[in-house]
Amino acid sequence: MKSFLLKYKYHFLIIFVGLCCLELLNFLLQLDKQTLIYPDCSNYLESAQKLYLKFTGHYYRPMLMAFITGIPYLFGSSDASIFEWIFVVNVFCWLGASIILFEILKNFVKEKVAFWFAIIPFLIFGNLILNYHLLTENIFVFFTVLAFYLLFQYYKTSQFWYLSLSLSLLLSSMLIKPSAKFFGIVMLLFFVKEILKNYKHKSMIFIYGSLLMITIQVVGMKVQYGDFTISYIDGVTYHNYICSKAECFKNGKEYNQINNPRAEYLFSLDFKDQKKAALEDLKHQIRTNFPNFIKAYFSDVIENSKTGNACIQDLKNYENKTDFPFWKKLIFNITKWQNRIFTVLAVLLSALFLFKGYKKEKATFFVAFFISYIIILSGISCGQGDRFHLVTFPFVIVLLVKYLSETKRFKPFFEPLQK
């Protein structure tokens with residue numbers, strides 16, 4: 001027992017530190033007392049209800065997230081239990097992501113150093129606060145961090161099953177967060193030769209299983225709503241955000257996410273027509289309003305890079321504590337600066353590793369590519385605070401540690417263990 005505790009002491013310490021940070025912020029902001037349910041959260045709840053109670057798919061939210069969310073329905077639980085359950089799932093994924101981050105960092109530095117960097121995500125308050133909401137971010141981060149850990153293991157050992165499971169997780173992640181689909185497809189295409197070479201390997205069951213789930217999702221959407229698609233959320237997103245903002249710039253009006261006549265019109269259509277109308281509008285904006293479309297894109301990216309956690313602004317002082325407004329304002333401002341600092345680091349480090357890492361360090365190259373993908377894609381939407389860029393922050397830490405471990409000034413402090 002003693003040897004077991006010594007072997008995994010840093011893992012237990014990570015869990016302990018994470019839970020302490022969670023409880024501290026909960027105490028300061030009364031997070032477990034809040035009752036506000038955001039529209040996105042209601043959508044995820046509805047998707048779980050459709051899957052478990054009506055055996056149908058949801059028009060915006062794919063089935064894997066619905067499956068994870070709705071597990072309590074198997075035991076006759078109420079809707080309220082879903083929110084209790086998703087808190088447990090979020091915290092598990094949030095803690096798990098840091099433990100896996102620790103395992104990745106041990107490839108570059110000694111355990112003690114890896115530990116200190118692995119607990120940094122607990123101090124990123126935006127991700128911590130999202131534990132209390134029925135949203136995808138922490139679950140998606142867990143899937144993706146685990147996928148990259150397996151990718152690092154594949155390059156280290158050349159064992160195909162690591163690659164197969166890694167690609168399976170990346171493919172499956174699009175059934176949690178549909179915006180991940182292009183990244184998953186690119187990764188699959190990049191390793192297509194390796195996959196074809198091992199198509200009879202028993203570990204291919206992971207990839208085949210993920211492709212089967214995706215097939216069920218898109219065929220189910222075709223049967224139920226009329227289109228072969230993962231979700232209809234992509235068209236709604238670019239129509240109601242970047243295209244609507246471009247139209248506002250064109251007409252000299254201020255963009256408003258809530259009172260948006262274009263969004264009201266789109267939601268008046270059925271889902272098949274929503275997709276068509278959104279695509280036609282996108283083509284129209286690019287053809288006839290391209291300068292304002294580009295202006296809207298960069299406006300979105302900048303907003304997503306500098307704003308704080310939107311959930312904090314809606315917190316209520318249910319316990320009537322006199323210091324609550326102080327902590328609310330302070331922590332919101334901290335999330336703003338965390339977003340700004342980590343986004344700047346994300347851009348600089350991903351550019352560096354994309355430039356130098358393709359032939360030298362392929363695993364870190366793909367980490368950099370993922371970060372770039374998320375930040376570039378964030379330009380299609382706005383008004384979500386730091387939610388878009390938060391998912392990149394653990395990967396920024398990976399690149400930061402890798403960079404520092406190879407820099408002469410810091411190398412002696414990091415004591416790299418292996419290349």
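Up top you'll find the structure we're talking about.
Here we summarise the structure given alongside this text. (Residues numbered from 1 in each chain as written. Predicted model: local features only at pLDDT ≥ 70, side-chain atom pairs only at ≥ 80, totals over all residues. Heavy atoms only, no water.)

## Thoughts on the overall build of the chain
Inference 1: The helix and strand tally for the chain stands at 22 helices and zero strands.
Inference 2: Since a compact globule built from 419 residues should have a radius of gyration of about 22 Å, the 22 Å found for the chain is in line with a globular shape.
Inference 3: Principal axes of the C-alpha set define a box for the chain whose edges measure 65 × 60 × 50 Å.
Inference 4: Here the chain holds 419 residues, and the buried ones make up 53% of them. (Helix = DSSP H or I, 4+ residues; strand = E, 2+ residues; numbered from the N terminus. Rg over C-alpha atoms; globule rule 2.2 N^0.38 Å. Buried < 20%, exposed > 50% of the residue type's maximum accessible area, 1.4 Å probe, protein only.)

## Remarks on helix 15 (residues 271-288)
Inference 1: Here helix 15 spans 25 Å end to end across 18 residues, near enough to the 26 Å set by a 1.5 Å rise per residue.
Inference 2: Here helix 15 has its buried residues at Gln274, Ala277, Ala278, Asp281, Leu282 and Gln285. Burial along helix 15 is one-sided: seen end-on, the buried residues are contained in an arc of 140 degrees. (Expected span 1.5 Å × (residues − 1). Arc of directions from axis to C-beta.)

## Examining the packing of aromatic side chains
Inference 1: Considering all chains together, one arrives at 34 aromatic pairs under this definition.
Inference 2: On the numbers, 6.2 Å between centres and 40 degrees between planes, the contact of phenylalanine 140 with phenylalanine 370 is tilted. In this pair, phenylalanine 140 sits in helix 8 (residues 137-157) while phenylalanine 370 sits in helix 19 (residues 362-377), placing the two residues 230 residues apart along the sequence.
Inference 3: You can call phenylalanine 370 buried: its relative accessible area is 2%.
Inference 4: Connected via pairs of aromatic rings, a cluster forms that spans Phe140, Phe148, Phe183, Phe369, Phe370, Tyr373 and Phe395.
Inference 5: The ring of tyrosine 44 is capped by arginine 61, whose NZ or CZ atom sits 4.4 Å from the centre of that ring.
Inference 6: Seen from the ring of phenylalanine 249, lysine 295 lies directly overhead, with NZ or CZ sitting 4.5 Å from the centre. (Phe/Tyr/Trp six-rings, centres within 6.5 Å; stacked < 30°, edge-to-face > 60°. Lys NZ or Arg CZ within 6 Å of the ring centre and 35° of its normal.)

## Quick look at helix 8
Inference 1: Taking 1.5 Å of rise per residue, the 21 residues of helix 8 would be expected to cover 30 Å, and the 30 Å separating its terminal C-alpha atoms lies within 8% of that figure.
Inference 2: For helix 8, a buried count of 16 out of 21 residues is recorded, marking the element as mostly surrounded by other parts of the structure.
Inference 3: Two residues or fewer after helix 8 comes serine 158, characterised by a positive phi angle close to 65 degrees.

## Some details on unusual backbone geometry
Inference 1: Phi is positive for serine 158, which is not a glycine, with a value near 65 degrees.
Inference 2: Secondary-structure assignment places serine 158 in the loop between helix 8 and helix 9 (160-172).
Inference 3: At asparagine 320, a position not held by glycine, the phi torsion is positive, near 55 degrees.

## A word on the environment of lysine 106
Inference 1: In this structure, lysine 106 sits in the loop between helix 5 (79-105) and helix 6 (111-118).
Inference 2: In the structure, lysine 106 is positioned 295 residues away from valine 401 in sequence and 10.0 Å away in space, judged by C-alpha atoms.
Inference 3: One polar contact links lysine 106 to glutamate 103, side chain to side chain, over a distance of 3.3 Å. (Polar contact = N/O pair within 3.5 Å; in protein donor to acceptor, adjacent residues only side chain to side chain.)

## Remarks on the state of the cysteines
By definition, a disulfide links two cysteine residues through a covalent bond between their sulfur atoms.
Inference 1: Tallying each qualifying case throughout the model produces zero disulfides.
Inference 2: The cysteine cysteine 248 is free of any disulfide, with cysteine 382 supplying the nearest cysteine sulfur at 9.9 Å.
Inference 3: The buried category is assigned to cysteine 382, whose relative accessible area is 2%. (Disulfide = S-S within 2.5 Å.)

## Brief notes about the nonpolar core
Inference 1: Ranked by internal contacts, the top residues of the largest apolar core, which has 110 residues, are Leu105, Ile139 and Phe191.
Inference 2: Per element, the largest residue contribution to this core is 14 residues, and it comes from helix 5.
Inference 3: Not counting the four nearest positions on each side in its chain, isoleucine 139 is found in contact with Met65, Ile68, Ile86, Val89, Asn90, Cys93 and Ile176.
Inference 4: The next biggest cluster of nonpolar side chains, apart from the first, holds 10 residues, and it includes Tyr238, Cys243, Tyr297 and Val301. (Core = buried A, V, L, I, M, F, W, Y, C linked by side-chain atoms within 4.5 Å. Contact = heavy atoms within 4.5 Å.)

## What about the pattern of salt bridges?
Inference 1: Using the criterion set out here, one finds 18 salt bridges in the structure.
Inference 2: Put simply, arginine 61 and aspartate 40 hold a salt bridge, and the shortest N to O gap is 3.2 Å. Of this pair, arginine 61 sits in the loop between helix 3 (39-54) and helix 4 (63-69) while aspartate 40 is found in helix 3, placing the two residues 21 residues apart along the sequence.
Inference 3: Across the salt bridge formed by glutamate 303 and lysine 245, the nearest N and O atoms sit 3.7 Å from each other. Of this pair, glutamate 303 sits in helix 16 (residues 290-306) while lysine 245 sits in helix 13 (residues 233-251), and the two are 58 residues apart along the sequence.
Inference 4: Overlapping salt bridges, with partners in common, bring together Asp40, Arg61, Glu137, Lys177 and Arg387 in one network. (Salt bridge = Lys/Arg side-chain N within 4 Å of Asp/Glu carboxyl O.)

## Remarks on the packing of helix 8 against helix 9
Inference 1: Interhelical geometry of helix 8 versus helix 9 gives an angle of 160 degrees and a closest axis separation of 8 Å. For the element pair helix 8 / helix 9, the angle class is roughly antiparallel. In this structure, helix 8 meets helix 9 at a crossing whose hand is left-handed. From helix 8, Phe143, Thr144, Leu146, Ala147, Leu150, Leu151, Gln153, Tyr154 and Thr157 reach across to helix 9, where they touch Phe160, Tyr162, Leu163, Leu165, Ser166, Leu169, Leu170 and Ser172.
Inference 2: Broken down by class, the residue content of the contact of helix 8 with helix 9 amounts to 12 nonpolar, five polar and no charged. (Axes fitted to C-alpha atoms, helices over the stretch in contact; angles between N-to-C directions. Parallel < 35°, antiparallel > 145°, perpendicular 65-115°, else oblique. Left-handed = near helix turned anticlockwise from the far one by under 90°. Nonpolar A, V, L, I, M, F, W, Y, C, P; charged D, E, K, R; others polar.)

## Some words on the packing of helix 13 against helix 16
Inference 1: Axis separation between helix 13 and helix 16 bottoms out at 8 Å; the angle between their running directions is 120 degrees. On the basis of their axis angle, the class for helix 13 and helix 16 is oblique. Between helix 13 and helix 16 the crossing geometry is right-handed. Residues Ile242, Cys243, Lys245, Ala246, Phe249 and Lys250 of helix 13 lie in contact with helix 16, whose contacting residues are Asn292, Phe293, Lys295, Ala296, Tyr297, Ser299, Asp300 and Glu303.
Inference 2: Along the lines of polarity and charge, the residues of the contact of helix 13 with helix 16 split into seven nonpolar, two polar and five charged.

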